[in-house]
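Here are the chains, one letter per residue:
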Amino acid sequence: TLVQQLRAAIAGLPFMPMRSVRGTDFMALHPEYQTMACPYTGEELILVPALRPDVAVLHAQYGDARGNLHIEGPPVADILFARASAKVVATVEKLISTEELAARGATIPYFYVTAVAEVPYGAHPTACYPFYAYDRAHTAEYYRLGSEGAVAFRDGYLRTYIDACPSHDDYLTAIGGPDALAHLASWQDGEDAWRRLYD
């Protein structure tokens, strides 16, 4: 049938059909994009090639020494990133035993993961629940300096949090050290504590 032929044709192509780039200059910018007529409607569709990243860098709540990862909450696109990439480098809030991870369930199994390391607060300044909430003050500083232009961002942000921080521990010190980290983790102490983070 036509449906079977279409499925076979799409399965053999490393492309995804989409409509959203029609009417833009994307086709001129991306000669690798192709077009096809929808077999049902005759509408022109844009075929976008699949991404094949060399490396994906992921952060998860839990991992084990084998590279199994457990993500609390929705994994969003992390599973797709892992499956599409040639290599996956993962950081986790906490390395746990394989038995404990198996009890939680592997969101991303070890055979997708090339390397894993325990990096507490590795998602900062974003959140990594249940460990810590996002750092509103830090993201505001990032936005402010970025809005002031390349020089302000380089001098105010990159030099402070990247150039001056040769290690992750140096970075954690630069963002406020144990007091700041405990403050971000305090969201777990109830609704009032969570609200105080953003007052």
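This text follows the structure it describes.
Chemist: So what's going on with the pairing of strand β6 (residues 87-95)? Which residues, and what values?
Modeler: In the sheet, strand β4 (residues 55-63) pairs with β6 via eight bridges, with the strands oriented parallel. Residue Gly63 lies in a different strand from β6, and its bridge partner there is Leu95. The parallel pair β6 and strand β7 (residues 115-118) is bridged by helix α4 (residues 98-104), and the resulting crossover is right-handed.

Chemist: Report on the packing of helix α5 (residues 136-147) against helix α6 (residues 150-163), specifying residues and quantitative values.
Modeler: Look at α5 against α6: their axes get within 7 Å of each other, and the N-to-C directions meet at 145°. Where α5 abuts α6, its residues His138, Glu141, Tyr142, Leu145 and Gly146 lie against Ala152, Phe153, Gly156, Tyr157 and Tyr161. Class assignment for the residues of the contact of α5 with α6 results in six nonpolar, three polar and one charged.

Chemist: Can you explain unusual backbone geometry? Please cite residues and give values.
Modeler: Look at the link from His124 to Pro125: it is a cis peptide, with omega at 15°. In this structure, Pro125 sits in the loop between β7 and α5. For the bond from Tyr129 to Pro130, the omega torsion is 10°, close enough to zero to count as cis. For Val76, which is not glycine, the phi torsion reads 50° and is therefore positive.

Chemist: Lay out the sheet that holds β6 in plain terms, naming residues and giving numbers.
Modeler: Here we have four strands laid out as an open sheet, ordered β5-β4-β6-β7, and mixed in their pairing. A single partner strand is all that each edge strand has here, and the edge strands are β5 (69-70) and β7. As judged from the two bridges shared by β4 and β5, these two strands associate in the antiparallel manner. What sits directly across from Tyr62, in β5, is His70.

Chemist: Please set out the side chain of Ser85 residue by residue, giving values where relevant.
Modeler: Structurally, Ser85 is set in the loop between α3 (78-84) and β6. Here the side chain of Ser85 touches Phe81 through a polar contact of 2.7 Å, landing on its backbone oxygen. Other than its neighbours up to four places away in sequence, Ser85 contacts Pro53, Val55 and Ala56.

Conventions and cut-offs
Residues numbered from 1 in each chain as written. Predicted model: local features only at pLDDT ≥ 70, side-chain atom pairs only at ≥ 80, totals over all residues. Heavy atoms only, no water. Pairing = 2+ DSSP bridges. Helix = DSSP H or I, 4+ residues; strand = E, 2+ residues; numbered from the N terminus. Right-handed = clockwise from strand over helix to strand, strands pointing away. Axes fitted to C-alpha atoms, helices over the stretch in contact; angles between N-to-C directions. Contact = heavy atoms within 4.5 Å. Nonpolar A, V, L, I, M, F, W, Y, C, P; charged D, E, K, R; others polar. Polar contact = N/O pair within 3.5 Å; in protein donor to acceptor, adjacent residues only side chain to side chain.

Read these as layout, nothing more, since geometry by itself doesn't imply function.
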